[in-house]
Structures are given as structure tokens and as C-alpha cells.
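# Secondary and tertiary structure notes
Here's the letter readout for the chains.
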Amino acid sequence: MEMDDVYKYSRFDPTPKEAVTYYLPRLIAGSSLNGAEKVIHEFDIYSCEPKDLAYNYDPAPHAVRTGDRFFFTTCKRKKGSNTRSARVAGDGTWTGNKTQSVFHAGVKVGEVKSLSFKKDKACTGWVMEEYRCLRPEAVVADGEMVLCKIHLSSSSGCAAARQESAAYMLRHRQEAEELPVPEPDTVTVTTTPQVLKRPAPVAADDLSSSKKLRMAAPVQALEEEYQDCPDWFAPPASFSLPAEAEVGMDRFSCTVAELLGETDEEQAEIIEQFVPPFPEPASDWETEEFEELEMLFADGDDDEEEHDAKAAEEFMMGIDNMCKSRGG
């Protein structure tokens, strides 16, 4: 948080020593107050009554109840006097009650004068503390520059002053009512962009059946979609089943001849081109030789130790005989 924002969140209420030794000398010299200059107003408070000040200036932050308002002004002297000040304000007068000295390091550095605003010798509920510093630069030709704190009195008989302190709210309401109202044509309305959809195709009027209507709608939409295309870019041509197919519409399969559209002789020739030749079956004598060999192996299993050599010899002879017979 910056120093300029400190006084927005805290109450500005300097002590007499701070007002005399820090704030007032800086106001006279024109130095920065680190944000406090937003709370202290430079205005001639003796030119109007406190109720007028309350209407034109807001109270300090967090000081609405007490109505604290700070002003940097010049206290003018009376004509023909170098000590007495002119404190007439509008139809009333700021009357002094007491004066208190301010010391710093044992040295008097300023004074604080308490005053109350009276009209017709009656208190109005408005009081003020006037801070003065004993510096030569504070003295000007027609008076002395001072720091003033105007606020409501702590006594209970200041109901009228409290209403006057809230006059700044009326000013805020009037300023809000005077603001120009935007014209209807200048009001900007932000809406979500809508996605344009292609209209649904409309079926022909001569279609009575709902099934025909559903079948005809895509065809019509397809024709509308391709109507602006060049001649060489046309939609796929429609097709229809042959008349003879209507007889067997309940059958969901067909033969190879029906699929290929060929006769029986042409079909057989086509099938022969793709069917590989099967091997010829073995002759009767070859079958008998293999059966004898199987019997030999079966007999050898019964007495394996005695017939191993004989079985091997007979097996080889059988093989030789078979090879010779094939070679002959």
C-alpha cells in the first residue's frame, strides 16, 4: 500500500505538536505531506459559515460521526490592530475560548486556540482548533497562515449541526442526478454470436406416405446442394432394382451363377481355371505293400528284441522292391 492511500484507511487526527512542527511548516513551504494534502483543504474558512463548508467538503475518512474537516487558511487581522484577528464568518462569529501553548524540547513552538461558532450569541454546535506556529515565514502581509480543524461539538445539544454536517451527501446526490444519461442508441449490448444453421429440406407436396417422405427428403437436399455446381461435377446418378428382382425380394442370398450372370457351361470353365488339379489315387498293389509294412511294424512291437534285425532287413527289401517296381 502506498503512502498516498494511508489516509483512506486510517483516521487523520494529528496531535497539536504534529500539527505545529510538521504539517503546518510543510504547508507553508509547499512541501509534500505524503498523501495528507488530500485531507487538508486550502480555503478561506472565514468567508462562509460552517454549514457551507460541510456542504462543499466531505469529512475526513473515518470521521463522519464527528464531522472532522481540516483547512489551511489565513487568519486575517482586524483593521488598525496587529494582534487581534477578524473571525467573522457569514452571520456568525468564531469566538475564542482558550489558548494553549505547544512546546517541543522545552521550547515553545506554537499555540492552539479553541473556538466555537456562535450566532446571536448562541452556540451552534460547531467548534474549531486553530494551530499556529511561531515561524516568521507563517506571517503574511494581512495576517497569519494557520491550520484549522473544524468539527462537531461533543455536547448533546448539536442536532442541527449534525444535520448540517451531513449536507455533503445532498451534494453527492445532486451531482449524480446531473450526470448525463446515455442515449438509447449509444448503449452497447454485447450478445453471443449465433451460429447460422442450414434450413431443413422440405419434402414435395405429392408425397403422401411418411416413408416416401423420409426417402425423398435426402434426394431433394442433394439436388439443392449440387444445383450451383458446374456440369462436370454432378451428384451420383440414382439407380433402381430390375423388375425381375421384385419376384424374389424375400430371398437375401444368391448363387454364383446369379452373381456372375453367366451360363452353366461358362461357369464351369471359369471354375476350372481357378481349381488346382488333385493328385491321382494310389494303385491297389501300392496299397497292399504299405499294409504289409504296417503289419511288419505291428508284429515287431510284440517282440522287439528278437525281430529287430529281421524287421529291418525285410523293411529294406520291401523298399527296394517298391523302387524297382516304380522304375520298371
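## A few points about the overall build of the chain
Helix and strand content of the chain: 10 helices and 8 strands. Burial status across the chain gives 25% buried among its 328 residues. Restricting to contacts in the chain with at least 6 residues of sequence separation, those with at least 24 account for 59%. In the structure as shown, the chain presents an accessible area of about 24400 Å², 54% of it carried by carbon and sulfur atoms.

## Structural notes on the packing of aromatic side chains
The final tally for this structure, using the stated rule, is 6 aromatic pairs. Look at F12 and F70: their rings are 4.9 Å apart centre to centre, the planes differ by 75°, and that puts the pair in the edge-to-face class. Here F70 lies in strand β2 (residues 69-76) and F12 lies in the loop between α1 (6-9) and α2 (16-29), a separation of 58 residues in the sequence. Comparing F12 with F70, the two get one shared label, buried. An angle of 90° between the planes, with centres 4.9 Å apart, marks the rings of Y22 and Y23 as edge-to-face. Note on Y23: relative accessible area 9%, which makes it buried. Cluster of aromatic residues (ring-pair linked, three or more members): F12, Y22, Y23 and F70.

## Things to note about the pattern of salt bridges
Pairs can form between side chains of opposite charge once their charged atoms are near each other. Applying the stated criterion across every chain, the model contains 10 salt bridges. One salt bridge in this structure joins R132 and E111, with 3.3 Å as the shortest N-O distance. Here the residue R132 occupies a position in strand β6 (residues 122-133), and E111 occupies one in strand β5 (residues 107-119), the gap between them amounting to 21 residues. Residues joined in a network through salt bridges with shared partners are K108, E111, R132 and E144.

## Some points on the nonpolar core
Within the largest apolar cluster, 22 residues are counted, with the highest numbers of intra-cluster contacts made by F12, Y23, I28, I40, F72 and L147. Where this core is concerned, the elements lending two or more residues are α2, β2, β6 and β8 (143-152). Per element, the largest residue contribution to this core is 6 residues, and it comes from α2.

## Points about unusual backbone geometry
Positive phi values are uncommon outside glycine, yet H62 reaches one of about 65°. As for its placement among the helices and strands, H62 is situated in the loop between α3 (50-56) and β2. Of note in this structure, K121 is not a glycine but carries a positive phi near 60°. Relative to the elements of secondary structure, K121 occurs in the loop between β5 and β6. For K121, a relative accessible area of 83% gives the class exposed.

## Quick look at α2
Relative to the 20 Å expected for 14 residues at 1.5 Å per residue, α2 spans 19 Å between its end C-alpha atoms, a close match to the ideal helical length. Most pronounced at Y23, the bend in α2 amounts to some 30°, and the proline P25 follows within four residues. Buried within α2 we find A19, V20, Y23, L24, P25, L27 and I28. Immediately beyond the C-terminal end of α2, within one or two residues, lies G30, with a positive phi of roughly 75°.

## Some details on the pairing of β8
Within β8, 10 of the 10 residues are buried, leaving the element largely enclosed by the surrounding structure. As paired elements, β2 and β8 share 8 bridges and run antiparallel to each other. Among the inter-strand pairings, T74 is bridged to a residue of β8, identified as M145. Two elements, β6 and β8, share 6 bridges in a ladder whose sense is antiparallel.

## Points about the side chain of K113
Within the secondary structure, K113 is located in strand β5. There is a polar contact of 2.7 Å between the side chain of K113 and the side chain of T99.

## Some details on the side chain of S165
Inspection of the secondary structure assignment puts S165 in helix α4 (residues 159-165). Under the relative-accessibility criterion, S165 is labelled buried at 4%. Once residues within four sequence positions are removed from consideration, S165 is found in contact with A54, G67, R69, W126 and L152.

## Some words on helix α5 (residues 167-177)
Three or four residues apart is the spacing at which side chains of an α-helix point the same way, because the helix has 3.6 residues per turn. Inspection of α5 places A167, Y168 and R171 among the buried residues, and these make up the whole buried set. Looking straight down α5, one finds that the buried residues subtend no more than 105° of arc, so they occupy a single side. Where α5 is buried, its residues meet α3, β2 and α4.

## Remarks on the environment of A89
For A89, the position within the fold is in strand β3 (residues 88-89). By relative accessible area, which is 0% here, A89 ends up buried. For the pair formed by A89 and K119, sequence separation is 30 residues and the distance between their alpha carbons is 9.8 Å. Here A89 is in contact with I45, Y46, C48, E49, W94 and F117, once residues within four sequence places are set aside.

Rules used throughout
Residues numbered from 1 in each chain as written. Predicted model: local features only at pLDDT ≥ 70, side-chain atom pairs only at ≥ 80, totals over all residues. Heavy atoms only, no water. Helix = DSSP H or I, 4+ residues; strand = E, 2+ residues; numbered from the N terminus. Buried < 20%, exposed > 50% of the residue type's maximum accessible area, 1.4 Å probe, protein only. Contact = heavy atoms within 4.5 Å. Areas by Shrake-Rupley, 256 points an atom, 1.4 Å probe, with all protein chains shown as cover. Phe/Tyr/Trp six-rings, centres within 6.5 Å; stacked < 30°, edge-to-face > 60°. Salt bridge = Lys/Arg side-chain N within 4 Å of Asp/Glu carboxyl O. Core = buried A, V, L, I, M, F, W, Y, C linked by side-chain atoms within 4.5 Å. Expected span 1.5 Å × (residues − 1). Bend = angle between axes of the 7 residues up to and from the residue. Pairing = 2+ DSSP bridges. Polar contact = N/O pair within 3.5 Å; in protein donor to acceptor, adjacent residues only side chain to side chain. Arc of directions from axis to C-beta.

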